[in-house]
Amino acid sequence: MGFLDILLGRTKAVAPDLDQLFGLPSAALTLQAAAGFTPTGTGAVCFASVEGGAFAQAHQEVQELLDADAERTGPPVEVSRDEYGYSWLVSRREPDDLPALVSDLHAVNSALEGSGFGPQLLCSVVGFQDTGQRQLGLVYLYKRGTFYPFAPLAGEAQRRDNALELQVKATLADDLRIEQDLSRWFPIWGAPGL
């Protein structure tokens, strides 16, 4: 970073570190012990859809790769599109098999990145819930290499449980690279599994 960059407030982009996703299983143990949240077994990768044969081919290869897993139980990998036009590739595993779910999310991100579609990757999310059925997502921001909690309020029209999000931020500070800029804690309304 040069002197002009400092004066003009420009910063270097943070390179995505997909290996950060592998911190989720240990963070899940901390989250369960401190706040009573357990994995739901659902995770998803969100990406901006791109038209064209190359993207469709890469997308199909990723889906086939994950569906070929002989140990996968339950439904195959699903693709959905939200009301904002973003695509979600959804993987479901047994709730106690978070490492396999994280491997799925890592594989999707890596395959799309390796095919040249890294700029289309937005985030990955893993769902959690507590005994009171409160929902929580741990969201990995691809372009920032950080995580943040997203806690939609049940029965509320697009409202968040900010107190829970801040509690989870403090709880997981030693387990995950948490996004410190709260303005980047984007709501992911309608995300699969939340």
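Residues numbered from 1 in each chain as written. Predicted model: local features only at pLDDT ≥ 70, side-chain atom pairs only at ≥ 80, totals over all residues. Heavy atoms only, no water.

This brings us to the pairing of strand E1 (residues 38-48). Buried residues dominate E1, accounting for 8 of its 11 residues. Two elements, E1 and strand E4 (residues 121-129), share 7 bridges in a ladder whose sense is antiparallel. In the strand pairing of E4, Phe47 is matched with Leu121. Two elements, E1 and strand E3 (residues 86-92), share 7 bridges in a ladder whose sense is antiparallel. Bridging from a neighbouring strand, Gly43 pairs with Ser91 of E3. (Buried < 20%, exposed > 50% of the residue type's maximum accessible area, 1.4 Å probe, protein only. Helix = DSSP H or I, 4+ residues; strand = E, 2+ residues; numbered from the N terminus. Pairing = 2+ DSSP bridges.)

This part takes up the confidence of the model for the chain. For the chain, per-residue confidence averages 85 on the pLDDT scale, and 85% of positions sit at 70 or higher. Highest mean pLDDT in the chain belongs to strand E6 (residues 146-150) (97); lowest belongs to helix H1 (residues 3-8) (54). (pLDDT = per-residue confidence, 0-100.)

Here the focus is the pattern of salt bridges. Applying the stated criterion across every chain, the model contains 6 salt bridges. One salt bridge connects Asp104 with Arg93, and the closest N-O pair in it is separated by 2.9 Å. You can see Asp104 sitting in helix H4 (residues 98-117) and its partner Arg93 sitting in the loop between E3 and H4, a full 11 residues away along the chain. By relative accessible area, which is 5% here, Asp104 ends up buried. With relative accessibility at 8%, the residue Arg93 sits in the buried group. Between Glu165 and Arg160 there is a salt bridge whose closest N-O contact spans 3.0 Å. Across the pair, exposure class does not vary: Glu165 and Arg160 are buried alike. (Salt bridge = Lys/Arg side-chain N within 4 Å of Asp/Glu carboxyl O.)

Turning our attention to the packing of aromatic side chains. Overall, the coordinates contain 3 aromatic pairs when judged by the stated rule. For the pair Tyr148 and Trp185, a centre-to-centre distance of 6.0 Å together with 20 degrees between the ring planes defines the contact as stacked. With Tyr148 in strand E6 and Trp185 in the segment after helix H5 (162-171), this pair connects stretches of sequence that are 37 residues apart. Of the two residues examined, Tyr148 and Trp185, each falls in the buried class. With 5.2 Å between their ring centres and 75 degrees between their planes, Phe150 and Trp189 make a pair best called edge-to-face. A residue pair is termed long-range when its members are at least 10 positions apart, and Phe150 in strand E6 and Trp189 in the segment after H5 qualify at 39 residues. Note on accessibility: Phe150 and Trp189 belong to one class, buried. (Phe/Tyr/Trp six-rings, centres within 6.5 Å; stacked < 30°, edge-to-face > 60°.)

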